[in-house]
Amino acid sequence: MLQSVAEFVSQYSPQAGQQSLSSLALVAAAIFCIVNVLVSLVRKRKLAVKSVDGIPGPKGHWLKGHLDYARFDGGGLQFHEKCALEFKTCYRLWFGPLKPLVVLCHPETVKVIQSSNAPKEKLVYNLVRPFIGDGLVTSYGDKWFRMRRLLTPAFHFEILKPYVRVFQESTNVLLEKWSSQQSGEVELFHHVSLMTLDSVLKCALSYRTNCQTQKKQDPYIVTVYEASNQILNRLMNPLIHDDTIYKLTPDGRRFHKNCAFVHAKAVGIIKARRKALEDDEEMEKLRKKKHLDFLDILLEAKDENGSGLTDEEIVGEVVTFMFAGHDTTASVISWTLYNLARFPEHQKKCLEEIEEAFGNDDEMEWKQLGKLKYLLMCIKESCRLFAPVPIISRTLDRTYEIDGHSVPEGTWVMTNIYALHLNPHVWKDPKKFDPLRFTTENAKDMSPYAFIPFSAGPRNCIGQNFALMEVKLSVALIIRKFKLSVNRDCCVPIDDLIPELILRAKNGIKVNISPRT
C-alpha cells in the first residue's frame with residue numbers, strides 16, 4: 001500500500017511535471033510546424049489555382065498532376081497533340097500540386113508571349129547557366145538588349161558568305177567517309193552532328209580538328225559533349241535540380257570540372273587572339289583571312305559607349321554558339337534527309353534543282369544557294385513535322401492576357417512548337433509531308449507565329465540564317481552525291497521521338513545510301 005502511494009506521488013513530483021511539460025511543448029511545436037507548413041502549402045495551392053483560373057486543361061492526378069502524361073518522350077508528344085486538338089489555342093497542366101503550366105499551341109496565343117520580352121523560364125536556364133554563362137540566351141532586360149546589339153553584326157550576310165567554303169569543306173569529309181563504305185545503312189544524327197560540330201568549331205574559333213574521322217576524339221570536344229549530356233540528364237531528374245544537392249553528387253562534381261575545362265580552353269584561345277591583335281604583323285594576317293570567325297567579331301564588338309565584351313562574356317557566347325549551333329543544325333539536316341529518303345518524288349525534284357544550280361561547277365557559291373527554292377521548302381516542311389527545338393519556356397514578367405484569360409506575373413508558360421506545328425486548327429492535314437505549304441503564294445496568308453522552328457519575336461534565334469545556310473548547302477551536297485532511301489522497318493515511329501533540348505530519335509535516324517552514277 002505504501003509503495004503504491006509512493007509511486008503515485010512520484011508521478012506528480014516537480015521533476016516529473018517538468019518532463020511532461022517539455023514533452024508537451026515539443027509535441028505542440030511539432031504540431032505548430034506541421035500546421036504552418038500545411039497552411040503555407042494550401043495558400044500556395046490557392047495562388048497557383050488562381051493564376052490559371054479559367055484556362056481549360058485535361059484531368060490530372062491530385063498529387064502528380066500531369067507528370068505521367070507530359071513526359072519528355074514520344075508518349076508526351078502525343079499527349080500534347082491530343083491537347084492541341086481538344087483545346088485548340090492553349091491549355092493548363094500541373095507539374096505536381098503546386099506548379100501550374102500554361103501551354104500555348106496556336107499562333108494567336110503564341111504571339112502574345114513570343115512577341116514580348118518575357119524572360120526565359122528559370123529552371124531550365126539555371127541548369128545551363130554554369131556551362132554557357134549569363135549571356136544572350138540566359139539574360140534578359142538591359143543586359144539582353146546590349147548583348148543582342150553587340151552580337152547581331154556577327155550574323156550579317158556579308159559575314160556569313162565566306163562560311164560557304166567552311167561548310168563545303170566539312171560536308172566533303174562526310175561524303176568521303178560515306179563513299180568509303182559505298183552503300184548501305186547509316187545512322188544520320190551521329191555522322192551529321194560530328195560534321196556540324198566540325199563546322200562550328202572552325203566558324204567560332206578557327207579551331208581545326210579531325211573530329212569526323214579520328215577514333216580518339218579531341219579532349220575539348222569530348223568534354224563539350226559530356227557537359228551537354230550532363231545538362232540533359234539533370235533536366236530529366238528533378239531530384240538533382242537543386243544546385244547544392246547536385247554539387248554533392250559525382251556527376252555534379254564532374255559537370256563543374258567539365259565547365260571549368262571548357263572555359264579555361266576558351267579563355268586560353270581568347271587571350272592568345274587578343275595578344276595577336278596587338279601585333280601589327282598578326283593584324284595584317286587577320287585582315288587577309290578568308291573569313292572572320294565568331295571570336296574575331298566578338299573581340300572587335302563595341303557598344304554605343306565604346307565598351308567591348310569582357311573575356312567572361314566572350315567565353316559564354318562562344319560556348320553558347322557551339323552548344324546551340326551544332327546539335328540544332330544537325331537535327332534539321334538529319335530530319336530533312338530522312339524525309340527526302342521517305343519521299344523519293346520530293347528527293348528527285350530537289351536533285352533536279354540542285355543540278356541546275358550547280359551547273360558544271362564542283363563547288364557551290366553563295367549566290368547559288370538562293371536558287372534552291374524547292375529544297376528550302378522541303379527543309380521548312382521537315383522543321384514543321386520534326387521541330388528541331390520542340391518546346392521553349394518563359395516566366396511571365398507581368399500580367400498577360402492569353403486567350404481572354406488574365407495570367408499573372410511569375411506564371412510558367414510554354415510554347416509547344418511541336419504541338420503548334422501539328423495543330424489541325426492551324427494546318428490542313430498536318431501529318432502529311434507537303435513542301436508546297438511554303439510556296440510564296442501559300443505563305444503570304446500564314447501567320448508569322450504559325451511556323452517558328454527558330455522561335456519568333458525579339459528573342460528569336462540570332463543564328464538562324466547561319467543554320468539555314470549550312471542546312472541548305474550540306475543537304476544539297478549529300479543529295480547530289482547519294483541516293484537516299486529508307487526501309488519500312490527503319491521509319492521512326494512517334495513513340496521513338498525524344499524531345500530533349502532538341503528533337504532526337506531513341507534508336508537513331510537510319511537511311512540507306514547508294515552513290516549516284
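Residues numbered from 1 in each chain as written. Predicted model: local features only at pLDDT ≥ 70, side-chain atom pairs only at ≥ 80, totals over all residues. Heavy atoms only, no water.

- The protein appears in an unreviewed UniProt entry as Cytochrome P450 4F1 from Stylophora pistillata.
- Here the protein is described in UniProt, under the heading Cofactor (unreviewed entry), as follows: "heme". (UniProt positions renumbered as here; feature names shortened; annotations may be inferred.)

### Observations concerning the environment of His241
Stage number 1. In this fold, His241 is placed in the loop between helix 10 (219-235) and helix 11 (243-248).
Stage number 2. Residue classification places His241 among the buried residues on the basis of a relative accessible area of 18%.
Stage number 3. Not counting residues up to four positions away in its chain, the partners in contact with His241 are Leu123, Leu127, Arg234 and Leu235. (Helix = DSSP H or I, 4+ residues; strand = E, 2+ residues; numbered from the N terminus. Buried < 20%, exposed > 50% of the residue type's maximum accessible area, 1.4 Å probe, protein only. Contact = heavy atoms within 4.5 Å.)

### Overview of the sheet that holds strand 11 (residues 510-515)
Where strands meet in a sheet, backbone hydrogen bonds hold them as pairs that are either parallel or antiparallel.
Stage number 1. The strand order across the open sheet built from three strands is 3-11-8, with neighbouring strands paired in antiparallel fashion. Of all strands in the sheet, those bounded by a partner on one side alone are strand 3 (184-187) and strand 8 (482-485). Averaged over all neighbouring strand pairs, the angle between strand axes comes to 40°, with direction disregarded.
Stage number 2. In this sheet, strand 11 lies alongside strand 8 in antiparallel orientation, the contact comprising four bridges. Paired with Ser485 across the two strands is Asn512, which belongs to strand 11.
Stage number 3. Sheet contacts for helix 9 (residues 188-205): strand 3 and strand 11; angle to strand 3, the most-contacted strand, approximately 60°. (Pairing = 2+ DSSP bridges. Axes fitted to C-alpha atoms, helices over the stretch in contact; angles between N-to-C directions.)

### A look at the sheet that holds strand 4 (residues 391-395)
Stage number 1. Taken together, four strands build an open sheet; the order of strands is 1-2-7-4 and the sheet is mixed. Two strands bound the open sheet, and with one partner strand each, they are strand 1 (90-94) and strand 4. Across the sheet, the axes of successive neighbouring strands diverge by a mean angle of 25°, strand direction being ignored.

### As for helix 9
Stage number 1. With 18 residues, helix 9 extends 26 Å between its outermost C-alpha atoms, agreeing within 8% with the 26 Å of an ideal straight helix rising 1.5 Å per residue.
Stage number 2. Taken across its 18 residues, helix 9 has 17 buried, putting it largely inside the fold.
Stage number 3. The opening residue of helix 9 is Glu187, an N-cap whose side-chain oxygen sits 3.0 Å from the backbone nitrogen of Phe189.
Stage number 4. Of the residues flanking the end of helix 9, it is Ser206, one or two places downstream, whose phi is positive at about 55°. (Expected span 1.5 Å × (residues − 1). Polar contact = N/O pair within 3.5 Å; in protein donor to acceptor, adjacent residues only side chain to side chain.)

### As for the packing of aromatic side chains
Stage number 1. Summed over the entire model, instances satisfying the criterion amount to 20 aromatic pairs.
Stage number 2. When the ring of Trp144 is compared with that of Phe145, the centres are 5.0 Å apart and the planes differ by 70°; the resulting orientation is edge-to-face.
Stage number 3. Here Phe145 falls in the partly exposed class, since its relative accessible area comes to 37%.
Stage number 4. Taken together, Phe155, Tyr163, Phe167, Phe294, Phe321 and Phe466 form an aromatic cluster joined through their ring pairs.
Stage number 5. Cation over ring: Arg45 sits above Trp94, and NZ or CZ is 4.3 Å from the ring centre.
Stage number 6. Over the face of the ring belonging to Phe358 we find Arg480, whose NZ or CZ atom lies 4.1 Å from the ring centre. (Phe/Tyr/Trp six-rings, centres within 6.5 Å; stacked < 30°, edge-to-face > 60°. Lys NZ or Arg CZ within 6 Å of the ring centre and 35° of its normal.)

### A word on the UniProt feature "binding site: heme" (unreviewed entry) in the protein
Stage number 1. The sites that carry the UniProt feature "binding site: heme" (unreviewed entry) are, in the present numbering, Cys461.
Stage number 2. Taking the relative accessible area as the measure of exposure, Cys461 reaches 34% and is therefore partly exposed.

### Observations regarding the nonpolar core
Stage number 1. Counting 114 residues, the largest nonpolar core has Phe131, Leu205, Phe294, Trp335 and Tyr338 as the members making the most contacts within it.
Stage number 2. Tallying contributions element by element places helix 15 (residues 311-342) first for this core, with 15 residues.
Stage number 3. Residues in contact with Phe294, not counting those within four places in the same chain, are Leu151, Ala154, Phe155, Tyr163, Cys203, Ala204, Glu317, Val318 and Phe321.
Stage number 4. Membership of the second largest hydrophobic core comes to 22 residues, among which are Trp94, Ala387, Ile392 and Leu420. (Core = buried A, V, L, I, M, F, W, Y, C linked by side-chain atoms within 4.5 Å.)

### Quick look at the domain arrangement of the protein
Stage number 1. Looking at the protein, the domain boundaries give domain 1 (1-6 + 16-44) and domain 2 (61-515).
Stage number 2. Placing the centre of domain 1 and that of domain 2 at their C-alpha centroids yields a distance of 58 Å. (Domains from an automatic or database assignment.)

### Some details on unusual backbone geometry
Stage number 1. At Ser206, a residue that is not glycine, the phi angle is positive and equals roughly 55°.
Stage number 2. Structurally, Ser206 is set in the loop between helix 9 and helix 10.
Stage number 3. Exposure remark for Ser206: the relative accessible area of 32% places this residue in the partly exposed category.

### Considering helix 8 (residues 163-180)
Stage number 1. Over its 18 residues, helix 8 extends 26 Å from the first C-alpha to the last, a length consistent with the 26 Å expected when each residue adds 1.5 Å.
Stage number 2. Within the sequence span of helix 8, burial applies to Tyr163, Val164, Val166, Phe167, Gln168, Ser170, Thr171, Leu174, Leu175, Lys177 and Trp178.
Stage number 3. Once helix 8 finishes, Gln182 follows within two positions and takes phi at roughly 65°, a positive value.

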